[in-house]
Amino acid sequence: MTQFMDVHHDMQGITDEQLKRVHRADLAVEKEEGVHFERAWADPESGTVYCLSEAPSAEAVRRVHERAGHAPDEIHAVPLSIW
């Protein structure tokens, strides 16, 4: 499985509760696509939301987000990371 960082634009003003709600919507369907969403971050001022996931493909990530009602604008594979 590969890690992916996807990006959503035009979510200006998103609140903590709204971010939790959209993240829960992803979690509700992720297993059906073999995806696991690990974490989400948001910048309410710019309207940018970032989601980190582990998935078999970028298309699987896209399908989960689309089914949850918020398709990503970008999806990037993250083949290298350090902790």
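A brief look at the structure comes next. Everything numeric here is computed off the predicted structure, so don't read it as measured data. (Residues numbered from 1 in each chain as written. Predicted model: local features only at pLDDT ≥ 70, side-chain atom pairs only at ≥ 80, totals over all residues. Heavy atoms only, no water.)

1. Things to note about the overall build of the chain
Right, so step 1: Helices and strands together make up the secondary structure of the chain, namely two helices and four strands.
Right, so step 2: Listed N to C, the secondary structure of the chain is β-α-β-β-α-β in terms of helices and strands.
Right, so step 3: At 12 Å, the chain has a C-alpha radius of gyration in line with the 12 Å of a compact globule built from 83 residues.
Right, so step 4: C-alpha atoms of the chain, sized along the principal axes, occupy 35 × 30 × 20 Å.
Right, so step 5: The 83 residues of the chain split such that 34% are buried.
Right, so step 6: A separation threshold of at least 6 residues defines the contact pool for the chain, and within that pool the share at least 24 residues apart is 67%.
Right, so step 7: Approximately 5000 Å² of the chain is accessible, and the part contributed by carbon and sulfur atoms is 52%.
Right, so step 8: Between the mean site of the 8 positive side-chain charges and the mean site of the 16 negative ones, the chain shows a separation of 7 Å. (Helix = DSSP H or I, 4+ residues; strand = E, 2+ residues; numbered from the N terminus. Rg over C-alpha atoms; globule rule 2.2 N^0.38 Å. Buried < 20%, exposed > 50% of the residue type's maximum accessible area, 1.4 Å probe, protein only. Contact = heavy atoms within 4.5 Å. Areas by Shrake-Rupley, 256 points an atom, 1.4 Å probe, with all protein chains shown as cover. Lys, Arg positive; Asp, Glu negative; His and termini not counted. Charge placed at Lys NZ, Arg CZ, Asp CG, Glu CD.)

2. Points about the sheet that holds strand β3 (residues 48-55)
Right, so step 1: Pairing is antiparallel across the open sheet formed by four strands, whose spatial order is β2-β3-β1-β4. In this open sheet, the two strands that pair with only one neighbour each are β2 (36-43) and β4 (74-78). Strand-to-strand twist in this sheet, taken as the mean axis angle between neighbours without regard to direction, amounts to 20°.
Right, so step 2: In the sheet, strand β1 (residues 2-8) pairs with β3 via seven bridges, with the strands oriented antiparallel. Paired with Met 5 across the bridge in β3 is Leu 52.
Right, so step 3: Helix-sheet contacts for helix α1 (residues 16-29) involve β2 and β3, and the interaxial angle to β2 is about 160°.
Right, so step 4: The strands touched by helix α2 (residues 58-68) are β1, β2, β3 and β4; relative to β1, the strand with the most contacts, the crossing angle is about 45°. (Pairing = 2+ DSSP bridges. Axes fitted to C-alpha atoms, helices over the stretch in contact; angles between N-to-C directions.)

3. Here's the deal with the nonpolar core
Right, so step 1: By size, the foremost hydrophobic cluster in this structure holds 13 residues, and its most contacted members are Phe 4, Val 35, Phe 37, Val 49, Ala 55, Val 61 and Val 64.
Right, so step 2: Those elements that provide at least two residues to this core are α1, β3 and α2.
Right, so step 3: If we skip the residues at most four places from it in the chain, Ala 55 touches Met 1, Thr 2, Phe 4, Gly 34, Val 35 and Val 61. (Core = buried A, V, L, I, M, F, W, Y, C linked by side-chain atoms within 4.5 Å.)

4. Digging into the pattern of salt bridges
Right, so step 1: A full pass over the atoms with the stated rule returns six salt bridges.
Right, so step 2: Two residues, Asp 16 and Lys 20, come together in a salt bridge whose shortest N-O distance is 3.1 Å. Here the residue Asp 16 and the residue Lys 20 both occupy positions in helix α1, the gap between them amounting to four residues, near one helical turn.
Right, so step 3: Among the residues examined, Asp 16 registers a relative accessible area of 52% and is labelled exposed.
Right, so step 4: Assessed through its relative accessible area of 40%, Lys 20 is described here as partly exposed. (Salt bridge = Lys/Arg side-chain N within 4 Å of Asp/Glu carboxyl O.)

5. Looking at empty space enclosed by the protein
Right, so step 1: Applying the stated criterion to the full structure yields one cavity of 30 Å³ or more.
Right, so step 2: There is about 50 Å³ of room inside the largest cavity.
Right, so step 3: Taken together, His 8, Met 11, Leu 19, Val 22, His 23, Asp 26, Ala 40, Val 49, Cys 51, His 65 and His 70 form the lining of the largest cavity.
Right, so step 4: Looking at the lining of the largest cavity, the elements with two or more residues in it are α1 and β3. (1 Å grid on protein atoms, 1.4 Å probe; cavity = no way out; pocket = protein on both sides within 12 Å on 5 of 7 lines; lining within 4 Å. Points joined across faces, edges and corners; volume = space filled by probe spheres on them.)

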